[in-house]
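Analysis of the macromolecular model
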Amino acid sequence: MKFGICVMADIDEIGFFSHAETLGYHSVWVADSQLLFSDCYAVLALAARQTSRIRLGPGTAICGTRIPPVHAAAMATLNRLAPGRVFLGIGTGNTAMRTMGQRPMKIADFAEYLRVLSALLRGEVVDYGFNGITRPIKMLMHEHSYMNLEPRIPLYVSGFGPRAMALAGEYGDGLVFAIPPRGVEVAEALGHARQGAARGGREMDMSGFWNCTMTSVAVLQPGEAADSDRIKAMIGPNVMASVYYFYDMVHERGIDPPPFLRRIWKQYCALVEQTPPEHRHFRTHEFHYSYLHPGEAELIDAELIRDTCLVGTAGELIERIRELERQGLKELMFASGTKAKWRMAEDFARQVMEKL
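Residues numbered from 1 in each chain as written. Predicted model: local features only at pLDDT ≥ 70, side-chain atom pairs only at ≥ 80, totals over all residues. Heavy atoms only, no water.

**A look at the sheet that holds strand E9 (residues 174–177)**
Judged by pairing direction, the sheet is parallel, and its nine strands sit side by side in the order E3-E2-E1-E13-E10-E9-E8-E5-E4 without closing on themselves. Each of the sheet's edge strands pairs with one partner strand only, and the pair in question is strand E3 (55–58) and strand E4 (61–62). Helix-sheet contacts for helix H6 (residues 162–171) involve strand E8 (155–158) and E9, and the interaxial angle to E8 is about 165°. (Pairing = 2+ DSSP bridges. Helix = DSSP H or I, 4+ residues; strand = E, 2+ residues; numbered from the N terminus. Contact = heavy atoms within 4.5 Å. Axes fitted to C-alpha atoms, helices over the stretch in contact; angles between N-to-C directions.)

Rendered as structure tokens:
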């Protein structure tokens with residue numbers, strides 16, 4: 001099992017990457033959200049210069065805000081700075097799109113995007129439609145200067161539903177997904193990827209196909225409650241990120257909130273409705289993984305934390321992770337956007353990683 005951390009792109013905290021490298025982490029993933037954080041590729045370029053072993057990449061890059069050639073060029077540039085240490089995580093872009101009042105890219109459009117992007121990363125010629133004109137394109141300057149396509153840049157597709165997971169098998173080198181309680185079992189996720197690979201006529205070598213789950217983690221001290229003030233301050237924004245996600249789903253699709261949110265749903269909606277309707281897409285995403293709005297901490301209890309995060313003593317987390325490894329999980333990546341991430345990364349490394 002490998003371990004990674006997803007951080008919000010912060011140009012003022014490049015030192016965190018060497019901190020994670022020293023602690024023995026396999027990777028650092030950098031969130032891509034243009035109205036919230038520093039530009040992820042600027043952050044990754046500086047991180048590449050200040051590290052030597054750790055793997056680096058966007059987690060995940062947003063296809064709705066950059067066309068495929070732009071993403072390919074950004075990654076090939078990073079690959080020149082840190083050859084063989086970069087990966088491209090790519091997704092439809094929930095938060096980055098919703099901060100603009102837009103919806104994430106539709107699955108059919110995502111499939112076409114991945115078709116073009118994967119071919120460009122392989123150095124192939126591919127037909128690409130842009131502004132109503134379709135022409136063959138390829139990366140032109142990648143062999144001698146400016147950027148490198150070799151060593152090959154792996155493409156990890158983020159998928160939280162069956163169709164997106166299948167696209168990882170059809171076009172990607174790996175899958176990023178969510179585990180229970182908010183996601184699926186490892187075998188189910190990989191099953192969807194296999195179906196996509198078969199649809200695309202690809203041979204899926206599971207030993208070479210990467211899989212990674214994105215989650216939230218907290219290591220409890222002996223006797224500490226899951227909803228202690230320390231834990232709330234550390235991962236409270238992570239908990240609320242799940243609430244923000246379902247707020248959009250419920251209102252767009254006219255569905256009921258998931259069972260684990262029904263206890264707090266009316267109270268949360270009342271908080272959001274203090275903001276005028278035309279600005280609610282600001283309110284529901286502006287503190288993504290970073291801060292809590294007034295009134296949100298009171299909604300978070302031990303049950304909600306356990307429903308959205310991996311939380312427990314070091315021993316409990318070790319057993320859970322061992323079970324995930326037995327199921328076939330290759331990398332566990334947890335997200336953090338608070339200042340507590342420095343201590344959080346160290347606690348997890350010393351108390352959990354070193355014992356696995």
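From this point, things continue past the structure.
**Re the pairing of strand E6 (residues 126–130)**
For E6 and strand E7 (residues 133–137), the ladder comprises five bridges, and the chain directions are antiparallel. Paired with Asp-127 across the bridge in E7 is Pro-136. Count of turn residues in the E6/E7 antiparallel hairpin: two residues, of which Asn-131 carries a positive phi of about 55°.

**Quick notes on helix H13 (residues 341–351)**
Listing the buried residues of H13 in full gives Lys-341, Met-344, Ala-345, Asp-347, Phe-348 and Ala-349. Next to the buried residues of H13 lie strand E1 (2–8), helix H1 (15–23), strand E11 (217–219), helix H8 (229–253), helix H12 (314–327) and strand E13 (331–336). (Buried < 20%, exposed > 50% of the residue type's maximum accessible area, 1.4 Å probe, protein only.)

**A look at empty space enclosed by the protein**
On inspection of all chains with the given rule, the structure shows two cavities of 30 Å³ or more. Within this model, the largest cavity holds a volume of roughly 50 Å³. Taken together, Val-7, Met-8, Ala-9, Asp-10, Glu-13, Phe-16, Phe-17, Val-43 and Lys-341 form the lining of the largest cavity. Among the secondary structure elements, those contributing two or more residues to the lining of the largest cavity are E1 and H1. Within the lining of the largest cavity, the residues separate by chemical class into six nonpolar, no polar and three charged. Estimates place the volume of the second largest cavity at around 40 Å³. Elements with a contribution of two residues or more to the lining of the second largest cavity: E11, H8 and H13. Looking at the lining of the second largest cavity, the element that brings in the most residues is H13, giving four residues. (1 Å grid on protein atoms, 1.4 Å probe; cavity = no way out; pocket = protein on both sides within 12 Å on 5 of 7 lines; lining within 4 Å. Points joined across faces, edges and corners; volume = space filled by probe spheres on them. Nonpolar A, V, L, I, M, F, W, Y, C, P; charged D, E, K, R; others polar.)

**Thoughts on the pairing of strand E10 (residues 210–215)**
Among the six residues that make up E10, five are buried, leaving the element largely enclosed by the rest of the structure. One ladder, built from four bridges, connects E9 with E10; its direction is parallel. What sits directly across from Val-176, in E10, is Cys-212. For the segment spanning E9, helix H7 (residues 186–199) and E10, crossover handedness is right-handed. Pairing of E10 with E13 involves four bridges; the strand directions are parallel. Across the sheet, the residue bridging to Met-214 is Met-333, located in E13. (Right-handed = clockwise from strand over helix to strand, strands pointing away.)

**A short note on the packing of aromatic side chains**
Summed over the entire model, instances satisfying the criterion amount to 15 aromatic pairs. A ring pair is formed by Tyr-247 and Tyr-268, whose centres lie 5.8 Å apart and whose planes are at 85°; its orientation type is edge-to-face. Residue Tyr-247 is located in helix H8, and its partner Tyr-268 is located in helix H9 (residues 265–272); the two are separated by 21 residues in the primary sequence. For the residue pair Tyr-247 and Tyr-268, the accessibility class agrees, reading buried in each case. Here Trp-265 and Tyr-268 contribute two aromatic rings whose centre-to-centre distance is 6.4 Å and whose plane-to-plane angle is 45°, an arrangement assigned as tilted. Here Trp-265 and its partner Tyr-268 are both found in helix H9, three residues apart, which amounts to about one turn of the helix. Judged by relative accessible area, Tyr-268 falls into the buried class, the value being 0%. Within the aromatic cluster, the residues linked to one another by ring pairs are Phe-3, Tyr-25, Phe-334 and Phe-348. (Phe/Tyr/Trp six-rings, centres within 6.5 Å; stacked < 30°, edge-to-face > 60°.)

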